Amino acid sequence: MRHLMNPLDFSVEELDKLFDLANDMEKNPKKYAECCHGKKLATCFYEPSTRTRLSFEAAMMNLGGNVLGFSSADSSSAAKGESVSDTIRVISSYADICAMRHPKEGAPMVAASRSRIPVINAGDGGHQHPTQTLTDLLTIRSLKGRLGNFTIGLCGDLKFGRTVHSLIEALCRYEGVQFIFISPEELKVPDYIIELLKSKNIDYTEVISLEEVMPQLDLLYMTRVQRERFFNEEDYIRLKDFYILNKSKMEMAKEDMLVLHPLPRVNEISVEVDDDPRAAYFEQAQYGVYVRMALIYTLLGIGEE
Ligand code: NCD
């Protein structure tokens, strides 16, 4: 039995296969419409979500399966003090696979160690968000035609943004990726990631100004300032509008640069950018469904039956 805790749990070759499958599912939905008939996905979300939870549920429905679950800690027995270990032991007998989001780093890993069904980390605190990374990689591969040989700027809350942490780790495995980290001093990439890049001799720079680096970028990954992970509201208010991507900044970018964002967006991308052909964030959310379909199919071992 296999879980997904970290994007590195799949090798580069396995990811290629997963993305090919996701592209095939996009093109031939009928072929897969009944392949999870009789199977159930549990979504256990102890933290708010729109895209991740609903795209998991849509993915399972597209495969002909069923879904059950809860969307907040308040509406589950966590509110009565039940541990994640106990919850997953019980859910193991109700469902065939589980997607779990939790505010505590490592909680899905604890669940996986107790589970009799595959567990997918759907975001654990400020740590990892592997299925967002699968979504990001599939989007880049599908729209740019390649993974690797590009300069990517990651902008915003690089300290608390779990999607950023997972994406950097995943991109380290591809050739010719140059990272430009764009953040205020207070929201820089954590040291453990910088250490990782240094140990692998990977090219990176850290800057504060977005304008300054805009012309160099092939990809711009914008992020929301993660209010819920701040220790005080004043710091959040001071930093929340540090970057706002607008039309005039887009004029400085390459004609084929892509703008990605895991969403939800707050103020960091002005709505006037949405009509720019380089704005790919809504398409990215659509890719999230295909990649989660491919992931459920793979972890359930459907093709192998
Ligand atoms: C992200 C998350 O939950 O980390 N959202 C998502 O899953 N698409 C990003 C965010 O909340 O800012």
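Preceding block: the structure.
Throughout this document, residue positions are counted from 1 along each chain, in the order its sequence is written. With the structure being a predicted model, the display of local features is reserved for residues of pLDDT at least 70 and the display and counting of side-chain atom pairs for 80 or more, all residues being used for whole-chain, interface and lining totals. Side-chain figures throughout are based on the complete set of non-hydrogen atoms in the structure, without hydrogens or water.

Caption draft 1: Quick peek at the side chain of Lys144. Secondary structure elements are defined from DSSP: runs of H or I of at least 4 residues count as helices, runs of E of at least 2 residues count as strands, and each element is numbered from the N terminus. Among the structural elements, Lys144 can be located in helix 5 (residues 130-144). The cut-offs for exposure are 20% and 50% of the maximum accessible area for each residue type, with area from a 1.4 Å probe on protein chains only; residues under the lower value are buried, those over the upper are exposed, and the others partly exposed. Only four residue types enter the charge count: Lys and Arg as positive, Asp and Glu as negative, with His and the chain ends excluded. Criterion for a salt bridge: a side-chain nitrogen of Lys or Arg within 4 Å of a carboxyl oxygen of Asp or Glu. Of the side chains bearing the opposite charge, Asp256 lies closest to the buried Lys144, which forms no salt bridge; the N-O distance is 4.1 Å. Of note is the side chain of Lys144, whose polar atom sits 2.7 Å from the backbone oxygen of Asp256. With residues near it in sequence (within four places) discarded, Lys144 still touches Thr139, Asp218, Leu219, Asp256 and Leu258. Polar contacts here mean pairs of N or O atoms no more than 3.5 Å apart (in protein, one a potential hydrogen donor and the other a potential acceptor; neighbouring residues in sequence count only if both atoms are side-chain atoms). Contacts were defined at the residue level, with two residues in contact if any of their heavy atoms lie within 4.5 Å.

Caption draft 2: Inspection of the pairing of strand 5 (residues 150-155) at higher detail. Burial runs high along strand 5: 6 of the 6 residues are buried. Alternating residues of strand 5 divide into Phe150, Ile152 and Leu154 and Thr151, Gly153 and Cys155, and every residue in both groups is buried. Across 6 bridges, the pairing between strand 5 and strand 6 (residues 177-182) is parallel. By the bridge assignment for strand 6, Leu154 is matched with Phe181. One requirement defines pairing of two strands: DSSP has to find at least two bridges between them.

Caption draft 3: Local environment of the packing of aromatic side chains. When the centres of two rings from Phe, Tyr and Trp lie within 6.5 Å, Trp using its six-membered ring, the rings pair. Their planes under 30 degrees apart give stacked, over 60 give edge-to-face, and anything left gives tilted. For the coordinates displayed, the defined rule picks out 9 aromatic pairs. Relative to Phe230, the ring of Phe160 has its centre 5.4 Å away and its plane inclined at 50°; by these criteria the two rings are tilted. One end of the pair, Phe160, is in the loop between strand 5 and helix 6 (162-171); the other, Phe230, is in the loop between strand 8 (219-222) and helix 9 (233-239), and 70 residues separate them in sequence. Across the pair, exposure class does not vary: Phe160 and Phe230 are buried alike. Considering the side-chain rings of Tyr287 and Tyr290, the 6.3 Å spacing of their centres and the 75° angle between planes classify their relative orientation as edge-to-face. Separated by 3 residues within a single helix, Tyr287 and Tyr290 lie in helix 11 (residues 281-299), roughly one turn from each other. Residue Tyr287 is classed as buried on the basis of its relative accessible area of 8%.

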